[in-house]
Number of protein chains: 2
Amino acid sequence: MVVSEYVRNLGSDHEQVVPVTMFVAVLCLCLVIGHLLEENRCVNESIIAILIGCIAGTIILLLSKGKSSHILTFNEELFFIYLLPPIIFNAGFQVKKKQFFQNFLTIMSFGVIGVFISAIIITAGSWWLFPKLGFVGLTARDYVGWLVQKLDISRIDSRTALHVIGDFFYLFLASTALGITAGLVTSYVLKTLTFGRHSSVREIALMILMAYLSYILAELLQLSGILTVFFCGILMSHYAWHNLSENSRITTRHLFATMSFIAETFIFLFVGMDALDIEMWRMTKLSFGTSMSIYSTLILLILLGRAAFVFPLSVLSNHMNRRAKRTSVITFKHQIIIWWAGLMRGAVSIALAFKQFTYSGVTSDPINATMIIDTIVIVLFSTLVFGFLTKPLISYLIPHHETIKIGQRESSSPREDLNTPLISLEEPTTSNITRAKDSLSMLIERPVCTIHFYWRKFDDAYMRPIFGGPVTSQSEC
Amino acid sequence: MVVSEYVRNLGSDHEQVVPVTMFVAVLCLCLVIGHLLEENRCVNESIIAILIGCIAGTIILLLSKGKSSHILTFNEELFFIYLLPPIIFNAGFQVKKKQFFQNFLTIMSFGVIGVFISAIIITAGSWWLFPKLGFVGLTARDYVGWLVQKLDISRIDSRTALHVIGDFFYLFLASTALGITAGLVTSYVLKTLTFGRHSSVREIALMILMAYLSYILAELLQLSGILTVFFCGILMSHYAWHNLSENSRITTRHLFATMSFIAETFIFLFVGMDALDIEMWRMTKLSFGTSMSIYSTLILLILLGRAAFVFPLSVLSNHMNRRAKRTSVITFKHQIIIWWAGLMRGAVSIALAFKQFTYSGVTSDPINATMIIDTIVIVLFSTLVFGFLTKPLISYLIPHHETIKIGQRESSSPREDLNTPLISLEEPTTSNITRAKDSLSMLIERPVCTIHFYWRKFDDAYMRPIFGGPVTSQSEC
């Protein structure tokens, strides 16, 4: 009695115990079901997590007699402080550096110009169409606040475009510099202190903590933590990782992938559960028909907005490459894949929507409720429908023998592959941006000989001796 | 401006960002300094973390102009939900199973009878001595609430001893059963689904999540999560670990050690920082002399209380072993080491003190403040002084050549060693209980041939084929 009383106090004191238990149990279920359905190539972990989240939400809804479908209110702090960093860090850590940097200009133009074009189209389109569909009450600020995909969602109203661009470059450069610094400091410490021999625990801990420190420091300095931790991941896989002992190398590369995987599954699970938030549905006050037409309009606008920059920019990129006498181009088939794969709106959108339109996960305004519902519906639809069709689309556009050919071409540079930590690991569903970049990098190979050649020389002569990593005996170009 | 405004909102919304940044930065510092001082054999990570915590506390105290020394209020939820499970799980995961179970009865008698004897002596002693020292105002409940070492701190007043014992056994058996079930289910799932080939991420994630699920489920069911996750760790290292792919094995064993290491360093850092909580010191209202005499009395009582069970129980254990014709005995030197090593009061004590005497980290009662200060002082003193002297004491009592002899004796059973995942890993400073148990297990070797022999037979014939792990061709006894 005495002991159990003690423990009872312990249990009742922790209000988080029940939701955490539920979430961990459902996560385990996701893993096992995800593995069982692995043969079915159309289904990925995100889809399963969303579906299981929906089922769990339904069960909770029934058990709580229609009161609430979610057991944990969405805590954006949880998301920004704990869930997002491992996802982005892992994306940086496992990015195929060579392809990423060779296509750096194309990727940046897609990222920056693309977002502006697509934001303008979606904003203008919804401004023009929504009142006709019977959905009124949005302010101008709400319109431009559609959270489409990325951090730098434009609130261009009454500000000069120049300011925006200047600010963007400051943010980009400062964040990147911080990430690079954190990566280099870690590499240097790991190399000079030679932890290796007996303390793998210490070197692994240092790497995790420094990566996290770079993210949280960027947030503290009001920079973009996402950019910082992404570049920190790239630097760490390029230098720091090589200073670790063999066991620590295996551990870190699997550990980062696992952390990212758990964080993503968790978010998708939450999205599935939140889709059934009955209070929010009640609050929207829109008829079924109006809602449906809004969703279809939005999805069409997103399709259109993405098409409006993928195809022109690809043509432009091809043109530039031909002028620079580079061999490979983005074929039309590849353009379709780039267009399609980027349509999937992910967990970040949901988080931003909650941040924008609620106060700590709760909203009382019907307009705000509608905005959140819209975001959730679009994430659900794009992940489930577009995600489901991505693999068949790729197999249809690029038959298997062609993929092999690309694979062979890629593997003609084995030296870089040896330096890339994450070759044999199957990639968990990473965030959209990275996914798009990755497919881009894997499909195209275009050697930027000049810059790359000098970078390799500089890297081998000055960087690697200080920060670690194998020195290549010769450059590839 | 637009972008930076967005980011500024992001930063200011998260009040946790500043403390988290500080803690992570100081943790990194601890790691590096800990590594640099590694040659000095007297200093361990806990001592460094406490000292750095004190220094950081002083700096914060000066910066905040004497207002507060801690940047994060002690959140017992943080401790019980996130920091404790990895420490205990890792202790179970890396425990030397053979020695642990061979000495199971001795360990249990030390754990259970020992705690009772020591609790009675300390309670009675402080009851008798404290009023003489000028410290009055404690209720009977406060006296018996001295948090000495373990979960089942006795509140025996007005309850029958029988009830306590019955309850203890229920708690012990139910928690153990839950932990064993969780371990076996994980092993079975990992074995039958054969994740291995391409999805190390999934199997690692499943193992982490199941281990955590067992802990949090035990807390939910008002059992002892500590016992559950400890046995879950033992079962997982005995079965589940063998079902993993080679890379996952390396990853899990390093990952668990790293998580445990980070959690412990974090706690000790917090203790160091909290020692300078100026408000609490002001609140105690006791003179310096009175405080000092209370601390010395408590430390003396703890020394006495531990001596009162270690030596008699060791003699009893030796007597039993002689009757059962077992060879090895606990020599007097070993008894001194067991007595001494268990004197270190650790992070769990602090957490329990905060839980007992504060309301979410804040207290307004001077008596309660005194109790917390006492606990902190004792943890500081025992970790710094006793901890500092432990290694010299062991070297003095057991010279190096004897240690080697013991090592040779131990390694005469290589087969079991092969099955133990954590051989080559240096052990981070684990919780006191485990440390005591471990030194106990490592110092003594006493084959319990009969039980062990039949267990091995049963294990090889029925358990391992179902749950995984290599089948030994012959037993050792």
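Quick caveat, the model's predicted, so the values are computed rather than measured.

Thresholds applied
Residues numbered from 1 in each chain as written. Chains lettered and ligands numbered in written order. Predicted model: local features only at pLDDT ≥ 70, side-chain atom pairs only at ≥ 80, totals over all residues. Heavy atoms only, no water. Helix = DSSP H or I, 4+ residues; strand = E, 2+ residues; numbered from the N terminus. Buried < 20%, exposed > 50% of the residue type's maximum accessible area, 1.4 Å probe, protein only. Contact = heavy atoms within 4.5 Å. Areas by Shrake-Rupley, 256 points an atom, 1.4 Å probe, with all protein chains shown as cover. Patch = residues over 30% accessible without salt bridge, like charges linked within 9 Å, V, L, I, M, F, W, Y side chains within 5 Å. Salt bridge = Lys/Arg side-chain N within 4 Å of Asp/Glu carboxyl O. Axes fitted to C-alpha atoms, helices over the stretch in contact; angles between N-to-C directions. Left-handed = near helix turned anticlockwise from the far one by under 90°. Nonpolar A, V, L, I, M, F, W, Y, C, P; charged D, E, K, R; others polar. Expected span 1.5 Å × (residues − 1). Phe/Tyr/Trp six-rings, centres within 6.5 Å; stacked < 30°, edge-to-face > 60°. Lys NZ or Arg CZ within 6 Å of the ring centre and 35° of its normal. Disulfide = S-S within 2.5 Å. pLDDT = per-residue confidence, 0-100. Parallel < 35°, antiparallel > 145°, perpendicular 65-115°, else oblique. Core = buried A, V, L, I, M, F, W, Y, C linked by side-chain atoms within 4.5 Å. Polar contact = N/O pair within 3.5 Å; in protein donor to acceptor, adjacent residues only side chain to side chain.

Caption draft 1: Highlighting the overall build of chain A. Along chain A, the regular secondary structure elements total 20 helices and 0 strands. Put simply, chain A has 477 residues, and 59% of those count as buried. In chain A, the proportion of contacts linking residues at least 24 apart, taken out of those at least 6 apart, comes to 82%. Summed over all atoms, the accessible surface of chain A reaches about 20300 Å², with 69% contributed by carbon and sulfur.

Caption draft 2: Here's a closer look at a nonpolar patch on the surface. Taken together, A:Val18, A:Met22, B:Leu220 and B:Leu221 make up a surface patch of nonpolar side chains, about 320 Å² in accessible area. Relative to the helices and strands, B:Leu221 resides in the loop between helix H9 (200-220) and helix H10 (225-238).

Caption draft 3: Inspection of the packing of H9(B) against helix H11 (residues 246-274) of chain B at higher detail. Residue and element names in this part refer to chain B. At a minimum axis distance of 10 Å, the contact between H9 and H11 shows a crossing angle of 35°. Of the two elements, H9 crosses H11, and the hand of that crossing is right-handed. Packed against H9, whose contacting residues are Ser200, Glu203, Ile204, Met207 and Ile208, the element H11 presents Ser248, Thr251, Thr252, Leu255 and Phe256 at the interface. Per-class residue counts for the contact of H9 with H11 are 5 nonpolar, 4 polar and 1 charged.

Caption draft 4: Summary view of helix H3 (residues 45-63) of chain A. Between its first and last C-alpha, H3(A) extends 26 Å over 19 residues, near the 27 Å set by a 1.5 Å rise per residue. Restricting attention to buried positions, one finds in H3(A) the residues A:Glu45, A:Ser46, A:Ile47, A:Ile48, A:Ala49, A:Ile50, A:Ile52, A:Gly53, A:Ala56, A:Gly57, A:Ile60 and A:Leu61.

Caption draft 5: Layout of the packing of aromatic side chains. Within this structure, the stated rule accounts for 18 aromatic pairs over all chains. Plain terms: the ring middles of B:Tyr188 and B:Phe467 are 6.4 Å apart, the flat faces sit at 70° to each other, and that makes the pair edge-to-face. With B:Tyr188 in helix H8 (residues 161-193) and B:Phe467 in helix H20 (residues 449-467), this pair connects stretches of sequence that are 279 residues apart. The class for B:Phe467 is buried, based on a relative accessible area of 13%. By way of ring pairs, the aromatic residues A:Phe89, A:Phe93 and A:Phe256 are connected into one cluster. In this structure, B:Arg249 packs its charged tip against the face of B:Trp241, placed 5.4 Å from the ring centre.

Caption draft 6: Layout of the environment of A:Gln222. Within the secondary structure layout, A:Gln222 lies in the loop between helix H9 (200-220) and helix H10 (225-238). Sequence separation of A:Gln222 and A:Cys232 is 10 residues, and the distance between their C-alpha atoms is 17 Å.

Caption draft 7: Representation of the state of the cysteines. The full count for this structure, using the stated rule, is 0 disulfides over all chains. Sulfur of A:Cys30: no disulfide; nearest cysteine sulfur belongs to A:Cys28 and is 9.3 Å away. Overall, the relative accessible area of 2% leaves A:Cys30 in the buried class. Not part of a disulfide, A:Cys232 finds its nearest cysteine sulfur in B:Cys28, a span of 11 Å. The exposure class assigned to A:Cys232 is buried, which follows from its relative accessible area of 0%.

Caption draft 8: Seen up close, the confidence of the model for chain A. Residues and elements named next belong to chain A. The predicted model of chain A averages 71 in pLDDT, with 63% of residues at 70 or higher. By mean pLDDT, the top-scoring element of chain A is H9 (91), and the lowest-scoring one is helix H18 (residues 414-419) (34). Low pLDDT (under 50) marks residues 442-448, which in the prediction has 27 contacts with non-local residues, meaning those over four places away or in another chain. For this predicted complex, the interface confidence reaches an ipTM of 0.74, while the overall pTM sits at 0.76.

Caption draft 9: Summary view of the packing of H9(B) against H10(B). Residue and element names in this part refer to chain B. Where H9 meets H10, the closest approach of the two axes is 8 Å, and the angle between their N-to-C directions is 155°. In terms of their interaxial angle, H9 and H10 are classed as roughly antiparallel. The element H9 and its partner H10 pack so that their crossing is right-handed. Of the residues in H10, those in contact with Met207, Met210, Ala211, Ser214, Tyr215, Ala218 and Glu219 of H9 are Gly225, Ile226, Thr228, Val229, Cys232 and Met236. Broken down by class, the residue content of the contact of H9 with H10 amounts to 9 nonpolar, 3 polar and 1 charged.

Caption draft 10: Broad picture of the nonpolar core. Core analysis: the largest hydrophobic core is formed by 144 residues, its most contacted members being A:Met207, A:Met236, B:Met207 and B:Met236. When near neighbours in sequence (up to four residues on either side) are disregarded, A:Met236 contacts A:Phe89, A:Phe93, A:Gly183, A:Thr186, A:Met207, A:Met210, A:Ala211 and A:Trp241. With 26 residues, the next largest nonpolar core counts B:Phe309, B:Val310, B:Trp339 and B:Ile378 among its residues.

Caption draft 11: Region of the structure containing the pattern of salt bridges. All names here are of chain A. A complete count under the given rule lists 2 salt bridges over all chains for this structure. Residue Asp459 pairs with Arg464 through a salt bridge whose shortest N-O separation is 3.4 Å. Residue Arg464 is classed as buried on the basis of its relative accessible area of 4%.

Caption draft 12: Structural context of the environment of A:Leu380. Residues and elements named next belong to chain A. Mapped onto the secondary structure, Leu380 falls in helix H16 (residues 366-397). On a C-alpha basis, the gap between Leu380 and Leu51 in space is 9.4 Å, while along the polypeptide they are 329 residues apart. Leave out the neighbours within four places in its chain, and Leu380 touches Ile50, Val271, Ala275 and Val385.

Caption draft 13: View of the side chain of B:Glu219. Residue and element names in this part refer to chain B. Among the structural elements, Glu219 can be located in helix H9. Overall, the relative accessible area of 6% leaves Glu219 in the buried class. A distance of 3.4 Å separates a polar atom in the side chain of Glu219 from the backbone nitrogen of Gly225.

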